[in-house]
Amino acid sequence: MMDTLIVNIGQLLTMEGDGPVKGEKMKTLPLIEQAAVGIKNGRVAWIGSNEEAKTISASHLIDAEGKLVTPGLVDPHTHLVFAGSREHELPLKQQGVSYLDILKRGGGILSTVRATRAASEDELYEKARVHLNRMLSYGVTTVEAKSGYGLDVETEQKQLRVAKRLHQTHHVEVVSTFLGAHAIPAEHQDNPDDFLQQMVDLLDVIKQEQLAEFVDIFCETGVFTVEQSRTFLQKAKEKGFAVKIHADEIDPLGGTELAVEVGAVSADHLVGSSEAGIQQLAHSNTIAVLLPGTSFYLGKRKYAKARQMIDEGAAVALATDFNPGSSPTENLQFIMTLAALYLRMTPEEIWHAVTVNAAYAINRGQDAGRIMVGRRADIVIWDAPNYMYVPYHYGINHVRMVLKDGKVVSERGRGDVS
Ligand SMILES: O=C(O)CC1=NCN=C1
Ligand SMILES: [Zn+2]
């Protein structure tokens, strides 16, 4: 007797397999037509044909109405916890003031830092909870959340405590990343190395209080150099953290090569990756996390070379990069459309990039991104006829229902229904 049986599934994307999916293999989408899924005690207990499902009893029946069913989406790169907003920067962008120039003027990240330092932990929690609810409504059941708007000992910990509380209280699983090395705060403009040392000294407390699993750094012109990033990430690894890096987002400094060199779990952005960097990435275990929403929102003509990365054999994931400055959107479905149009990724590659590969980019490959017997029942029932339709029809929310651990936690337009 199942707790829940989802029947009449037109296309079931199981994403079944083992490990991240690289290169050519991203083109083959494990799916079952006319399928059904049985759930017991929050886990997938049975997968089969709609015909076979007629012999199975369940306390709760969900009719997928012949439509698409997939694993819960995974967003492996967000700056979820912050205060304030940066709509006032939009006219500057329209006047052609670059992202790095706005930062240099004390705006951008530093503007969000001022607001986040001033906000209470509860204010940060309430605001992030609203964003997390919206991500859930878009079909996302696992999210990575970075700190990086404190840039001081107290506020970085405040942000990480908020992310931990959200993980403990919200349906969506939250994986925390310490991004204290996000920018050089105003008070340390003349001595960035002292600031970095202060962030290194914070690592012991973060580890002790289990406030983050990953450590990340913004390796960029006017922020942190490759040398500073190498030293910082090596120290983080020595202290037992997994590492990621904001690499080659705007200028091609060689962050991609550094990610492979230090054995980063993921290298993120990669718009300026060099040929050598792409080659090294393709032959490594580092996941390429691409953020086309940021290129789109910064009005860039240049996008990451996803086609080349996949053709060379890399495992590619997608994320929103949700943040108040360079990608203010929680909508991972819109990122799927941008990936089709500007990264030239096929629908089959895109679905790998928002499920299984995104899960591996935050070390959740064993728990999320696949529908297989024994795994957590994090499942999305779509109001879409097939998997190609979601990236094709943009600007709306195609989700009909989201199950987390086998429980319906979000329904179209009804937000949290648990
Ligand atoms: O601008 C922001 O708030 C987030 C960001 N960090 C690095 N790139 C974008
Ligand atoms: Zn980012």
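This write-up is about the structure you can find in this document.

With respect to the overall build of the protein chain
- Along its length, the protein chain carries 15 helices and 17 strands.
- Relative to the 2.2 N^0.38 estimate, which gives 22 Å for 418 residues, the radius of gyration of the protein chain is 21 Å and therefore close to what a compact globule would have.
- Projected onto its principal axes, the C-alpha coordinates of the protein chain cover approximately 70 × 45 × 45 Å.
- Burial status across the protein chain gives 60% buried among its 418 residues.
- For the protein chain, the exposed surface amounts to about 15500 Å²; the carbon and sulfur share of it is 49%.

Details of helix α6 (residues 192-208)
- Between its terminal C-alpha atoms α6 stretches 25 Å, which fits the 24 Å expected from 17 residues at 1.5 Å a residue.
- In α6, a bend of some 25° at Leu202 exceeds every other bend along the element.
- On its buried face, α6 is in contact with α5 (153-169), β8 (173-181), β9 (214-219) and α7 (226-238).
- Once α6 ends, the next one or two residues include Gln210, with phi positive near 50°.

Description of the site of ligand 1
- The environment of ligand 1 is formed by Arg86, Tyr99, Ile109, Tyr149, His182, Phe218, His246, Glu249, Asn323 and Ser326.
- Residue Glu249 places a side-chain N or O atom 3.0 Å away from a nitrogen atom belonging to ligand 1.
- Protein burial of ligand 1: of its 270 Å² of free accessible surface, 100% is covered by the chains.
- Tallied by class, the residues present in the shell around ligand 1 amount to 4 nonpolar, 4 polar and 2 charged.

Concerning the nonpolar core
- One finds Phe178, Phe232, Leu290, Met309, Leu318, Met345 and Trp351 to be the most contacted residues of the largest nonpolar core, which totals 121 residues.
- Looking at which element gives the most residues to this core, the answer is α6, with 7 residues.
- Residues in contact with Leu290, not counting those within four places in the same chain, are His269, Leu270, Ala304, Ala306, Met309, Val316, Ala317, Leu318, Ala319 and Leu343.
- Counting residues in hydrophobic clusters, the runner-up holds 17 residues, among them Leu12, Ala35, Val37 and Val408.

As for the pattern of salt bridges
- With the rule as written, the count across this model stands at 30 salt bridges.
- Its salt-bridge partner being Glu51, residue Lys54 comes within 2.9 Å of it at the nearest N-O pair.
- A salt bridge links Arg134 to Glu330; the shortest N-O distance between them is 2.7 Å. Remark: Glu330 occurs in the loop between β13 (316-318) and α12 (332-342) and Arg134 occurs in helix α4 (residues 121-137); sequence separation between them is 196 residues.

Focus on the pairing of strand β14 (residues 379-382)
- Burial of β14 is two-sided: the residues Ile379 and Ile381 facing one way and the residues Val380 and Trp382 facing the other way are all buried.
- Here strand β5 (residues 68-71) pairs with β14 via 3 bridges, running antiparallel. If you follow Val69 over to β14, its bridge partner there is Ile381.
- Across 4 bridges, the pairing between β14 and strand β15 (residues 399-404) is antiparallel. Residue pairing across strands places Ile379 opposite Leu403, the latter belonging to β15.

A few points about a nonpolar patch on the surface
- A cluster of nonpolar side chains, contributed by Phe296, Leu341 and Tyr342, occupies part of the molecular surface with about 300 Å² of accessible area.
- Looking at the element boundaries, Tyr342 is found in helix α12.

Brief notes about the coordination of the zinc ion (ligand 2)
- The coordination sphere of the zinc ion (ligand 2) contains the protein donors His77 (NE2), His79 (NE2), His246 (NE2) and Asp321 (OD), at a distance range of 2.1 to 2.5 Å.
- Read N to C, the donor residues that coordinate the zinc ion (ligand 2) are spaced as H-x1-H-x166-H-x74-D. Residue His77 is located in the loop between β6 (73-75) and α1 (90-94), and its partner Asp321 is located in the loop between β13 and α12; the two are separated by 244 residues in the primary sequence. Across the pair, Asp321 and His77 agree in class, each one buried.

Each value, and the rule that gives it
Residues numbered from 1 in each chain as written. Chains lettered and ligands numbered in written order. Predicted model: local features only at pLDDT ≥ 70, side-chain atom pairs only at ≥ 80, totals over all residues. Heavy atoms only, no water. Helix = DSSP H or I, 4+ residues; strand = E, 2+ residues; numbered from the N terminus. Rg over C-alpha atoms; globule rule 2.2 N^0.38 Å. Buried < 20%, exposed > 50% of the residue type's maximum accessible area, 1.4 Å probe, protein only. Areas by Shrake-Rupley, 256 points an atom, 1.4 Å probe, with all protein chains shown as cover. Expected span 1.5 Å × (residues − 1). Bend = angle between axes of the 7 residues up to and from the residue. Contact = heavy atoms within 4.5 Å. Near = heavy atom within 4 Å. Polar contact = N/O pair within 3.5 Å; in protein donor to acceptor, adjacent residues only side chain to side chain. Nonpolar A, V, L, I, M, F, W, Y, C, P; charged D, E, K, R; others polar. Core = buried A, V, L, I, M, F, W, Y, C linked by side-chain atoms within 4.5 Å. Salt bridge = Lys/Arg side-chain N within 4 Å of Asp/Glu carboxyl O. Pairing = 2+ DSSP bridges. Patch = residues over 30% accessible without salt bridge, like charges linked within 9 Å, V, L, I, M, F, W, Y side chains within 5 Å. Donors = N, O, S within 2.8 Å, 3.2 Å for Na, K, Ca; no water.

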